Every structure is written in C-alpha cells, then in structure tokens.
Amino acid sequence: MTAHRRGASHVLGLAAITLASAFVTGSMQPATPPQPPTGAAWIEPDFPFFSSVVDAGRAGGGLPSRNLTPRALVVNLGRGYWAAFDTDLLRVAAVWKGNAVTPRALAPGSYNTPDRKTPGGQSPAPEPDGTVLVATGIYPGWQVGAQPSREDPREPAPSPDEVGRGPLSEEMGRFKAIRLARSGVILEYTAGGANVREWMSAADAAIKTAAAAPIVVRHFRVGPAKNPLLLMLGTAGSNTAVALCEGSGPAATLGAVDGVWTARVAPHADDIQFCAAIGEGVTPPVVALRAPIDDPAAPRWPQEIATATTLSTAKDPFVVDDIGLPLDNPWRRHVRPSDIQFLNDGTGVAVTLDGDVWLARGLAERGSVRWRRFTSGLHEPLTLAIRDDQIYAFDRNGIWRLRDTNGDGEADVHELFSNAFAQTADMREFPSTLRLAPGGEFVIAKGGQEATTIGKHNGSILRISADGRTATVLGYGFRQPNAAVNIRTGLVTSSDQQGHYIPTTPLHIVGDHQFYGFLSDKLPREVYPAPIAEPLTWIPHAVNASAMSQVWMFGARMGPLNDGLVHIGFNNPELFRVLLNDRGKRLQAAVVSITRAFEFPPLHGSVNPIDGQLYIAGFQVLGWGTTATKLAGVGRVRYTGAPSTLPRDVAAMDKGILLRFDVPLDRTKAIDVGNYTITSWNYQRTYRYGSPQFKADGTPGIDRIAPSSVYLSTDGKSVFIGVPNLTTMKRPMQMRVGWSLASADGRPVQENAFFTPYELTPFKPVAEGFGDVTIDLTPRTLAPDTSAPISAIEGKRIYERYGCMACHGTEETVSRLGPTFRGLYGSSRTFSGGVVRVTADEGYLRESMLEPGAKVVAGYERLGMGMPSFAGVLTDGQIESVILYIKSLK
C-alpha cells in the first residue's frame with residue numbers, strides 16, 4: 001500500500017489538499033478505459049427474455065404514438081418475433097417482427113463499446129427494431145367491467161405526462177413472476193382478483209388462414225373470476241389481423257372498440273383457457289388452442305468456470321486480493337459485477353450490469369474459485385441482498401426474488417417481490433442500492449437525475465415492507481445516492497455525488513422524510529420544498545470524487561474494522577473508515593483512508609460469513625470516471641494481522657482535536673506540534689455544479705489553523721491537539737486534520753482525516769486518559785505555505801486525482817462528458833447559446849477552471865453534467881501546471 005498512500009500532511013498548500021507529490025507518492029495510470037475482450041452480442045439468442053425500457057411510440061401506421069414502457073420484459077417468441085410486456089400496467093405494449101430492441105440503454109450500449117457515453121434522459125430510448133404488428137397505449141392491459149378504458153388510472157407523477165407511475169392497485173392487478181420453461185416463459189399475474197398465466201409464442205398458422213408468415217399467439221389460463229374481465233389486445237397495424245384461437249369459445253369473445261381489439265371474459269367458477277392470434281395477412285389468423293407449457297427448463301449453463309485468486313504480497317494491515325472473474329466462459333459473456341453478497345455457506349452471489357447473476361464458491365479457500373451462472377434477464381441491476389438465504393436483486397423493474405425451485409443450480413422463477421414504487425424511463429434513475437433492514441424489510445436507493453420529467457421517486461431512499469407490498473419514502477432530494485443499513489439498529493446512511501446543488505461529497509443519515517438538497521433543472525432554481533438536511537459529514541471532492549455505498553462490518557474478522565462502518569470511493573478507488581462520534585447531541589463522523597490498493601473501480605460489497613473478510617465488486621463505463629486500470633473486478637480486502645496505524649477515533653472538541661490509535665506512538669514525534677496540520681473551509685450550495693472552497697471570511701481558499709500544543713495520553717496511544725479559539729470561530733463545513741508521526745517501534749503513522757464539526761463537546765482530560773493536564777491555547781503563527789513545482793507532470797497528477805479525467809479524455813476518438821484535452825490548446829471553440837468563437841489560449845483555460853459556466857462548448861450543455869469551479873481549490877501554481885499539461889497534449 002506504500003505506493004498508494006498520501007504523504008505527510010504538513011506539506012499541504014493553500015488548496016484544501018495538494019494533490020501533487022505532497023499528496024500522492026507513485027504515479028497514476030492513464031485514464032483511458034481498458035477495452036474488454038470481444039464478446040457475443042448483449043442480447044443472447046438462446047435466453048427467452050431480457051428486461052429493458054421500450055419506446056414503441058414511433059411505430060407509425062395508426063398505432064399509439066404515446067407508448068413508452070419504463071419496465072418491460074422483452075420476450076423472445078422465436079422466428080424473429082418479440083413482445084414487450086409492461087409489468088406495471090399488465091399490458092403487451094408491442095409485438096413486432098425483426099430484431100430485438102435498439103441498443104440505446106447503458107448496458108447494451110456500453111457492452112462491447114465501453115467508451116460510449118452514459119445516456120441521460122428518456123430519449124432516445126430502446127425501440128422495437130422491426131415492424132410492429134400490434135400495440136397498446138398507456139392503459140391497463142386487463143380491466144374489470146364491460147366497458148374498456150384508455151385512461152391511466154394510476155396516481156399521476158409530479159409531471160402529469162410521466163408514464164412511470166408505478167404499478168396498478170392490487171385490486172386491478174399485480175405482476176407476480178416470470179417462470180422459465182423449456183420452450184419459453186410463463187408470465188404469472190393477477191387481473192381483477194383472478195390468477196392469470198400467460199405464455200406467448202410464434203407458430204405456424206394451422207386453420208382457416210391466408211397468412212403465409214408465422215403468427216404470434218398469446219395463450220392464457222385464467223383462474224376463477226367473480227367479475228367480467230376485459231383483455232386489451234391493442235391496436236393492429238396495417239395488414240395485421242387479430243383473432244381468437246379455435247377452441248377458445250365460450251371462454252372469451254373477441255371485439256373491437258374504436259380500433260382497439262379486446263377479449264371479453266365472463267365471470268367463471270373454474271379455470272378457463274383461451275388464446276389470441278396476431279399475424280400478417282388479410283384473413284384473420286386462427287390456430288388451435290394448445291396446452292400450457294408447463295415443462296420445466298433444463299439447465300442452460302451447467303458448466304462451472306474455475307478462476308484463480310491472486311494474493312496480495314503487500315505487508316500492510318489491509319491488502320486487496322484479486323479474485324479472477326469468469327471471463328473465459330463458453331457463452332463469451334462479459335462479466336461486469338456491481339455487487340457481491342453472501343449466502344450462509346459462504347457462496348458469493350454477484351450481480352452484473354448486464355443482467356446476470358453468478359454464484360462463486362470457494363472464495364474463502366484462497367485458491368481456485370468456481371463460478372456458476374445462476375440467471376440472466378435483469379434490467380441493469382447494480383445491487384442485490386440476501387434474506388433467509390434467498391437472493392433478492394434490485395433492477396429497474398423492482399425487487400426480484402430469484403428462486404431455484406427444481407434444485408438444478410439455476411433460477412427458474414423470477415418472482416417480483418416488490419414494484420410498489422415508481423420507475424421512470426430516465427437512464428439515470430439507477431437502481432443504486434438494495435439492503436436488508438431489521439424485521440425483514442428492505443431499503444433501496446434510486447438515482448435522481450431527471451432530464452425529461454419529474455417522477456415520483458427519483459432521487460429517493462425508500463423502505464420496502466417485509467411483504468413487498470408498500471414503500472415508504474425515508475428521504476428525497478438525492479442526486480445519486482448509495483445507501484447502507486445497520487442491521488442491528490436500523491440506522492440508514494447514504495452517500496451522494498457532487499454535482500448541481502451538491503457542493504461536494506456528503507455522507508448522510510437518512511430518515512424522517514427529510515429533503516437532502518438536490519433539485520432537477522426542470523424545477524425552479526433553488527426553490528427548495530423543505531429545509532435541507534445537513535450531512536453526517538462532508539468529504540472533499542478531491543478525496544472522494546464519486547462516493548458509493550457503505551458496509552457495516554458485522555461478523556467481520558478484520559481487527560480494528562470489526563463492527564464498524566466503511567465507505568467506498570469509486571473515482572480514485574479507495575476504502576474509507578467512517579469513525580462515528582456519539583459524544584454530543586447529534587451523531588458526527590470523520591473519514592480516513594483504509595486502502596487505495598484497488599485496480600478496479602469498487603461499487604458495492606459485503607462481509608463473507610465464512611472467512612470474515614470484506615469482498616467488493618465493481619466495473620467502469622464511460623461517464624463514471626475512475627483512475628482504475630482494470631475494467632471490472634472482485635476484490636477481497638484482507639486483514640493480514642499486521643498492526644494498524646489507522647485512527648480509531650477522531651473528535652473535534654472545545655479545546656482541540658482528539659486522535660486515538662491502536663498502537664503506541666513515538667513520544668518525540670507525537671508531542672511535536674509541527675507534525676500536525678489543520679485546515680478548514682466552507683462550500684456554497686447553489687444550482688451550479690459543485691462548489692469552490694471558501695475561507696471563513698467568504699473569500700476563495702482555505703483557512704490554515706495553527707495548533708498551539710499537543711499532548712500524549714498516559715497509554716501512549718492517543719494525542720490531543722490544542723486549537724486556540726475553536727469555540728469562537730465560525731463553524732466550518734469542512735475540516736481536515738493531518739499528522740506525520742511514527743509508532744513506538746518506528747513505523748510511519750501518517751494520514752488525513754476529514755470531518756464536519758457540528759458540535760464541540762467538552763474535553764475532559766482525565767476521562768479521556770490524559771491525566772490532569774491544562775491545555776495550552778496560546779496562539780501560534782504558521783510558517784508560509786509551499787507548493788509543488790509547476791510542471792506538466794504535476795498538471796497530469798492533478799488531472800487524475802481531481803477526477804478531471806471522468807469528463808475530459810486525452811484521446812481524440814473517445815467521447816466523454818466534456819471536450820477532450822488532446823488538441824484543445826490553440827483550437828477554436830464554439831459555445832452554446834450563440835455563435836461566439838474564441839481560441840483556447842491560457843486565459844480561456846484559466847477561466848474554464850475558475851468559472852466553468854461562463855462559456856459552455858456547444859453540445860455539452862446537458863442536464864446532470866457540469867464542472868465544479870476550482871476557485872479556492874487549486875492554487876495559481878496548480879492551475880498553471882494543469883494548463884501546461886493540456887498544452888502538452890497536441
């Protein structure tokens with residue numbers, strides 16, 4: 001870990017953190033995303049379904065022009081036919097002939113082209129890639145009563161035209177499961193209180209038909225129904241006919257109202273069966289009624305893939321072992337894991353962005369790992385959870401319980417445990433986190449960037465009841481939250497990501513339906529619906545530029561981390577220790593780095609109950625900027641048993657700052673006041689992207705605070721740093737304390753801790769283990785600050801460490817969220833909102849860093865994208881270094 005550590009903090013300059021040689025020893029790798037091995041197509045031809053947003057509103061031919069499905073199961077019917085089933089409205093949104101859908105979503109779009117931009121907004125969305133035969137509008141596919149309705153009965157979203165309103169009421173119907181069978185899938189749901197099983201297929205027309213092409217058949221088995229039901233089959237396209245199968249009567253009768261085909265089902269006491277045929281041709285297609293496809297599916301992926309574990313040779317207390325991914329698999333399937341959780345026997349369950357779930361056995365053995373593919377078809381899932389040793393995955397459709405009912409090692413039933421919350425088609429309403437809560441409930445976190453409409457639950461953290469039927473908003477106003485739950489107390493925490501309205505990285509406690517500060521640009525600027533909840537602590541953007549989830553270390557065997565909270569950083573891959581301070585009236589926290597030894601960008605993880613170590617999964621796509629050198633990975637954060645020099649307590653108090661360690665310190669270094677640095681600064685929350693850093697007087701920059709004295713505890717493991725006037729100074733939003741010490745046996749003890757001092761509790765020397773001492777608070781003058789030499793090399797280091805590479809590439813062909821830096825200097829720039837042109841000289845580059853909103857290059861004025869001002873963040877010398885680096889990229 002030595003090559004990844006931040007250096008001694010006393011060399012930090014006027015910026016909050018000097019990200020030069022003073023901050024990082026060792027060089028970072030280029031930011032270009034590594035290319036994945038060539039794989040097969042994202043849509044697998046031999047798997048019967050996948051999930052996607054589907055927009056069939058441009059089919060033409062008199063078909064519905066408003067036909068967007070945020071939650072669609074796309075069923076492969078065979079013979080080049082497809083159907084999109086809306087699990088919220090229980091409708092077949094479209095049936096078409098051709099290919100599947102256009103690859104406009106995040107997962108398929110980046111599958112073999114990871115340098116493609118992460119899409120935002122709801123358009124362009126995936127569309128049927130072929131000729132649509134029949135389609136329905138935005139109304140329930142099943143209705144109760146004699147008269148059909150083409151109205152959406154669900155409660156509107158804040159934007160009335162938003163389609164993603166969530167499911168129908170229980171009384172109207174509810175999707176239950178998709179069951180895999182040998183020759184397709186069975187959809188199971190309720191309609192008006194009746195149980196329905198539906199299976200679809202493409203078949204040859206057999207009786208009374210002039211159709212030359214195959215036809216699509218929707219088969220139904222409907223349980224007892226007390227009320228008359230209407231099945232809305234939809235509007236047929238030109239040269240397309242709809243008919244009931246021979247043998248369907250008298251179970252159902254066909255009719256059409258205003259061009260919409262319906263099948264009427266009378267009340268009945270026993271199960272009934274019927275089917276409807278859809279095909280091309282003038283004469284209505286008819287086929288004979290078939291028996292249900294109840295034959296179970298055979299295992300699709302019986303092979304196990306063996307991979308090796310590479311143990312770290314580092315001597316640090318916490319190291320990262322590399323777990324080989326099953327990339328060399330018979331299906332040429334990419335493996336981009338986003339989370340890993342564990343069954344009771346230590347089997348790892350990993351979910352991937354591309355909708356797969358893999359089981360990993362042998363992880364605790366530190367040798368060969370055996371991977372088995374468990375299921376597929378999910379909708380860009382980023383997270384999963386385990387309850388009662390059953391697997392729950394969270395994707396855009398909702399929370400699925402994945403069941404292996406026949407014991408063949410693969411999931412044959414995807415049971416929709418909960419879709420009690422809304423989901424829009426916005427590409428950035430990510431299903432970010434799913435975590436188990438006490439009492440069997442779940443907590444979910446959902447992405448909040450909205451570029452088209454205002455949805456119901458974008459940017460919310462919700463509690464899902466133990467039965468999955470209800471959802472309660474715990475907090476809203478998040479940009480991109482990632483949550484965790486203390487399974488013992490129920491405490492919910494969440495990070496968020498710097499951006500518009502979010503001045504830097506926060507770590508929150510979530511609850512009481514509080515508002516957390518983020519607003520869509522579809523809303524009036526800075527008109528907040530409620531008071532903004534302040535975070536547990538702020539974290540500087542340069543320290544954690546892209547915050548991910550947290551993990552409670554219950555059941556861990558990782559020494560000082562046991563039972564504590566850790567936090568994951570993505571942009572500069574890192575694991576942080578969250579040190580909670582409950583001395584005062586409100587909970588406070590400080591964060592400090594545990595390890596930076598990740599080669600892949602980490603997202604989520606958990607503790608393995610067998611070996612007690614922390615396993616973390618992650619991947620990268622363009623737009624999720626990272627300095628990681630690997631495209632994807634699973635890593636084991638392993639405790640070696642070496643003494644840890646991490647602090648176990650950091651607390652701002654009325655007379656200074658307390659630091660506690662687990663090792664005795666070298667007394668001479670510990671009591672030298674010159675080995676400590678303290679800085680503070682503020683942020684501004686505005687509609688702009690991020691925030692500069694401001695001194696207490698409101699000018700850009702940071703305040704350097706001179707400690708007056710330092711004391712060593714009687715056991716030699718704690719220090720108290722005296723800080724004059726701490727109680728009278730204006731309370732800053734951000735503080736940093738750095739130390740450059742040594743342990744009693746000579747090992748370096750150096751790091752930085754970051755915290756927000758909401759409350760300064762009284763320092764009681766005797767109670768804290770320092771004896772009867774009086775703290776010297778005589779003010780002291782600081783020596784002038786120094787900065788690293790100005791150079792292009794230093795500029796590159798700042799470019800990487802501050803996350804600039806997330807939006808600005810150094811390649812000519814790779815498109816990112818901002819203009820490339822290669823060839824930028826001296827080029828002609830054209831800006832949005834006019835035809836103003838300037839040459840990108842040194843003045844323009846400086847202005848772009850200090851006032852990034854002054855001139856926005858045409859084509860980059862998108863919602864959710866933005867650049868924070870670096871005024872008060874970078875020194876003049878650091879800005880000059882970045883300019884030199886840009887000039888070098890010719």
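Values in this document were obtained by computation on a predicted structure and should not be read as measured data. (Residues numbered from 1 in each chain as written. Predicted model: local features only at pLDDT ≥ 70, side-chain atom pairs only at ≥ 80, totals over all residues. Heavy atoms only, no water.)

**Some points on the state of the cysteines**
Tallied over the full model, the rule gives 1 disulfide. Note on cysteine connectivity: C245 is disulfide-linked to C275, with sulfurs 1.9 Å apart. Note on the C245 and C275 pair: the S-S dihedral is about -135°, so by sign convention the disulfide is left-handed. With C245 in the loop between β12 (240–244) and β13 (253–257) and C275 in strand β15 (residues 272–280), this residue pair connects regions lying 30 residues apart in the sequence. Taking the relative accessible area as the measure of exposure, C245 reaches 3% and is therefore buried. (Disulfide = S-S within 2.5 Å. Helix = DSSP H or I, 4+ residues; strand = E, 2+ residues; numbered from the N terminus. Buried < 20%, exposed > 50% of the residue type's maximum accessible area, 1.4 Å probe, protein only.)

**What about the nonpolar core?**
Side chains that are nonpolar tend, in soluble globular proteins, to be buried together. Within the largest apolar cluster, 125 residues are counted, with the highest numbers of intra-cluster contacts made by W142, F175, F274, W371 and L614. Among the elements that make up this core, the one with the highest residue count is strand β4 (residues 91–101) (6 residues). With sequence-adjacent residues up to four places away left out, W142 is seen in contact with L90, Y189, A191, V196, F220, V222, L229, L230, L231, V265 and F274. Judged by nonpolar contacts, the second largest core, of 27 residues, contains I678, I705, V719 and M735. (Core = buried A, V, L, I, M, F, W, Y, C linked by side-chain atoms within 4.5 Å. Contact = heavy atoms within 4.5 Å.)

**What to know about the pattern of salt bridges**
In total, this model carries 40 salt bridges according to the counting rule given. R333 is the salt-bridge partner of D356, the closest N and O atoms lying 2.7 Å from each other. Separated by 23 residues along the polypeptide, D356 in the loop between β19 (348–352) and β20 (357–361) and R333 in the loop between β17 (318–323) and β18 (337–342) bring together distant segments of the chain. For the pair shown, D356 and R333 are each scored as buried. A salt bridge links R648 to D662, with the shortest nitrogen-to-oxygen separation between them at 3.1 Å. Within this pair, whereas R648 is found in strand β42 (residues 647–653), its partner D662 is found in the loop between β43 (656–661) and α2 (667–670), the two being separated by 14 residues in sequence. Since its relative accessible area comes to 40%, R648 is described here as partly exposed. (Salt bridge = Lys/Arg side-chain N within 4 Å of Asp/Glu carboxyl O.)

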